[in-house]
Amino acid sequence: MISRYQLKCHGCGEAFVARLGVEPTRSTRFYLPCPHCALPIRGSMSGTELDNHRIDIECEVLSGSVEESPDARVVTVNPFVPSRYDADSFTPLGSFPTMTLVQALGDDAFMEFHSERNAALRVGQELWPKVRMLFQYYLQGNTAMFARIAQQNGLTWQPSTSHERTSIAYQFLGQATTVMTGTTGTTSAKVMGRFLRKHSAASERNREYILTIRRRGQSLGNLERDVFTELNRFAENHESWEMGLLGRFFETDSKSAFEELVLFRDEFSLVRDLYQQGFELACKCLWPLVAAQNSLKRGNPDDFGDVHPDRIPVKQRPTSLDKFNKISAAYKIAYVAQVPGWESFESLLNSSRRNTIGHGTAHHDLQTGRIVSDKSPSGLTYLEFLGEVLGVFEALSTLSQVIRSSRVASSPDFNL
């Protein structure tokens, strides 16, 4: 739905018309540029139903009795769909938000994007609260309530052991995060398939590996809780970053059109916090991958051999898992990404992008729609930034399932 407002810029004092896209939302902070002086004017909206929907704009809203000039300048903003700064008509691409994605993607890709996006939004709104409750009971060790909630949501049998409850909790978690990640451009299935084969083979052939996984798995309680807490924060703020999915539907030859689009949301500080915390937690979950690889290749989870990523200085090359956990996040990612099938981690957890986004001077320039910093003056578009956030969410949700294997292996059911 498009609402039309007559506004008066609190900077230059000129009047203009704002066409504002409105959708149900728990809370959305947005901005719109004054078409006279380009001053960013902030606003917010909230409400999931028409009767409780509220919009606040930080400038004077002219009363309905003021006659709209036929020559009034117009700005069109939809904080849920990207558009252009100079949007004042129905053309060119990006000038009218409701048509932007169809024009940019084409009918088939748009329908795929629309389907994946709606499925993700439904899961965030409907399924995630149930997953959150179930996982909270799992973390609390409340076995009776855990079983009740699981059975209310489709489980047809009674879990009686610790490792069964762990598996069920992570299955529910994975079902939700997989849909929220989408299927286009994802690598989770490939990463997990490769890891599970390595984990199974190493568990059967290498006693040192299973002892290491069990020993370390027993001490992962706090990390497990932290990972779930962060995934929950991503889910609760899904509306703020879900448009990061869009970049995965653009073909290479249409990237220039994608880069011209602006998403008029004013939520950088919130989303950057998700990105940074998720990035750091994901890097803490990488060690089971290298443990499985080391065990299969060299017979010991602590043996890194003599094949190291070129960019790792000699003095930084780990000689055990304990030392691996102490090296920088970028080096951890490099070790994982050198294994065939896990290369995607260098894209999902892009260290150079992290330095740009995480730099102390990084900010959302509302006059260009880009994330910039002293270290990277050109920066990246807000939509590209949200794509990086989606990548971190995908990495963290995938690695939560890697952690699951260690938690299951370390279950007290196995007489450790």
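Residues numbered from 1 in each chain as written. Predicted model: local features only at pLDDT ≥ 70, side-chain atom pairs only at ≥ 80, totals over all residues. Heavy atoms only, no water.

- With an unreviewed UniProt entry as reference, the protein is termed ApeA N-terminal domain-containing protein, source organism Streptomyces badius.

**Side note on the environment of Ser-295**
Argument step 1. The topology assignment puts Ser-295 in helix α11 (residues 287–298).
Argument step 2. According to the relative accessible area criterion, Ser-295 is buried, its value standing at 5%.
Argument step 3. In the structure, Ser-295 is positioned 97 residues away from Lys-198 in sequence and 8.8 Å away in space, judged by C-alpha atoms.
Argument step 4. Excluding residues that lie within four positions of it along the chain, Ser-295 makes contacts with Ala-202, Asn-206, Tyr-209, Asn-300 and Pro-301. (Helix = DSSP H or I, 4+ residues; strand = E, 2+ residues; numbered from the N terminus. Buried < 20%, exposed > 50% of the residue type's maximum accessible area, 1.4 Å probe, protein only. Contact = heavy atoms within 4.5 Å.)

**Describing the sheet that holds strand β8 (residues 363–365)**
Argument step 1. What the 3 strands build is an open sheet, ordered β8-β9-β10; its pairing is antiparallel. The open sheet terminates on both sides in strands that have one partner only, identified here as β8 and β10 (380–381). (Pairing = 2+ DSSP bridges.)

**Concerning the packing of helix α10 (residues 268–284) against helix α15 (residues 351–358)**
Argument step 1. With their axes 11 Å apart at the nearest point, α10 and α15 run at an angle of 140 degrees to one another. Judged on the interaxial angle alone, α15 and α10 are oblique. Considering how the two elements wind past one another, α10 and α15 form a crossing that is left-handed. Seen from α10, the contacting residues are Phe-268, Arg-272, Tyr-275, Gln-276, Phe-279 and Glu-280; seen from α15, they are Ser-351, Arg-353, Arg-354, Ile-357 and Gly-358.
Argument step 2. A per-class count over the contact of α10 with α15 returns 4 nonpolar, 3 polar and 4 charged. (Axes fitted to C-alpha atoms, helices over the stretch in contact; angles between N-to-C directions. Parallel < 35°, antiparallel > 145°, perpendicular 65-115°, else oblique. Left-handed = near helix turned anticlockwise from the far one by under 90°. Nonpolar A, V, L, I, M, F, W, Y, C, P; charged D, E, K, R; others polar.)

**Thoughts on the side chain of Ser-240**
Argument step 1. Structurally, the position occupied by Ser-240 is in helix α8 (residues 238–241).
Argument step 2. Take Ser-240: its relative accessible area is 5%, and that puts it in the buried class.
Argument step 3. Apart from residues lying up to four places away in sequence, Ser-240 is in contact with Arg-265, Glu-267, Leu-270, Val-271 and Leu-386.

**So, the packing of helix α5 (residues 188–205) against α11**
Argument step 1. Two numbers describe how α5 lies on α11: the axes approach to 9 Å, and their chain directions differ by 55 degrees. If you check the angle between α5 and α11, you find them oblique. α5 and α11 meet at a crossing whose hand is left-handed. Contacts between α5 and α11 involve Phe-195, Lys-198, His-199, Ala-201, Ala-202 and Arg-205 on the former and, on the latter, Pro-288, Leu-289, Ala-292, Gln-293, Ser-295 and Leu-296.
Argument step 2. Among the residues making up the contact of α5 with α11, the classes are represented as 7 nonpolar, 3 polar and 2 charged.

**Points about unusual backbone geometry**
Argument step 1. Positive phi is not limited to glycine here, since Ala-38 has a value of about 70 degrees.
Argument step 2. Given a relative accessible area of 39%, Ala-38 falls into the partly exposed group.

**Some points on the nonpolar core**
When a protein is soluble and globular, its nonpolar side chains tend to lie buried together.
Argument step 1. Residues Phe-345 and Phe-385 are the most contacted members of the largest nonpolar core, which totals 117 residues.
Argument step 2. For this core, the leading source of residues is helix α16 (residues 382–409), giving 14 residues. (Core = buried A, V, L, I, M, F, W, Y, C linked by side-chain atoms within 4.5 Å.)

**Re the side chain of Thr-28**
Argument step 1. Mapped onto the fold, Thr-28 is located in strand β3 (residues 25–33).
Argument step 2. Within polar-contact distance, the side chain of Thr-28 engages the side chain of Arg-265 at 3.2 Å. (Polar contact = N/O pair within 3.5 Å; in protein donor to acceptor, adjacent residues only side chain to side chain.)

**Thoughts on the environment of Ile-210**
Argument step 1. Positionally, Ile-210 belongs in helix α6 (residues 207–218).
Argument step 2. On the basis of relative accessible area, Ile-210 is assigned to the buried category, the value being 18%.
Argument step 3. Along the backbone, Ile-210 and Ser-295 are 85 residues apart, and their C-alpha atoms lie at a distance of 9.7 Å.

**Quick notes on the pairing of strand β7 (residues 74–77)**
Argument step 1. Burial along β7 is two-sided: the residues Val-74 and Thr-76 and Val-75 and Val-77 are all buried.
Argument step 2. Bridge count for strand β2 (residues 15–21) against β7 is 4 bridges, and the pairing is parallel. The partner of Arg-19 across the bridge, within β7, is Thr-76.

**Here's the deal with α6**
Argument step 1. The terminal C-alpha atoms of α6 lie 17 Å apart, and with 12 residues this matches the ideal 16 Å at 1.5 Å per residue to within 8%.
Argument step 2. Those residues of α6 not exposed but buried are Tyr-209, Ile-210, Thr-212, Ile-213, Arg-216 and Gly-217. One face of α6 carries all of its buried residues, which in axial projection span an arc of 160 degrees. Opposite the buried face of α6, by more than 90 degrees, sit the exposed residues Arg-207 and Gln-218.
Argument step 3. In this structure, the buried residues of α6 make contact with α5, α11, α12 (321–324) and α16.
Argument step 4. Its side-chain oxygen placed 3.0 Å from the backbone nitrogen of Glu-208, Asn-206 serves as the N-cap of α6. (Expected span 1.5 Å × (residues − 1). Arc of directions from axis to C-beta.)

**Things to note about the packing of aromatic side chains**
Each aromatic ring pair is characterised by the separation of its centres together with the angle its planes make.
Argument step 1. Tallied over the entire structure, the rule returns 18 aromatic pairs.
Argument step 2. With a centroid separation of 6.4 Å and an interplanar angle of 50 degrees, the aromatic rings of Tyr-138 and Phe-146 are classed as tilted.
Argument step 3. With a relative accessible area of 13%, Tyr-138 lands in the buried category.
Argument step 4. Here the aromatic residues Trp-128, Phe-135, Tyr-138, Phe-146, Tyr-170 and Phe-228 are joined through ring pairs into a cluster of three or more.
Argument step 5. The positively charged end of Lys-198 is found above the aromatic ring belonging to Trp-342, 5.8 Å away from the centroid.
Argument step 6. Over the ring of Trp-287 we find Arg-216, and its NZ or CZ is 5.0 Å from the ring centre. (Phe/Tyr/Trp six-rings, centres within 6.5 Å; stacked < 30°, edge-to-face > 60°. Lys NZ or Arg CZ within 6 Å of the ring centre and 35° of its normal.)

**Focus on the sheet that holds strand β4 (residues 40–47)**
Argument step 1. Read from one edge of the open sheet, 3 strands run β3-β4-β5, paired in antiparallel fashion. Each edge of the open sheet is held by one strand with a lone partner, namely β3 and β5 (54–57). When the angles between neighbouring strand axes are averaged without regard to direction, this sheet yields 15 degrees.
Argument step 2. Pairing of β4 with β5 involves 4 bridges; the strand directions are antiparallel. Residue pairing for β5: Ser-46 is matched across the bridge by Arg-54.

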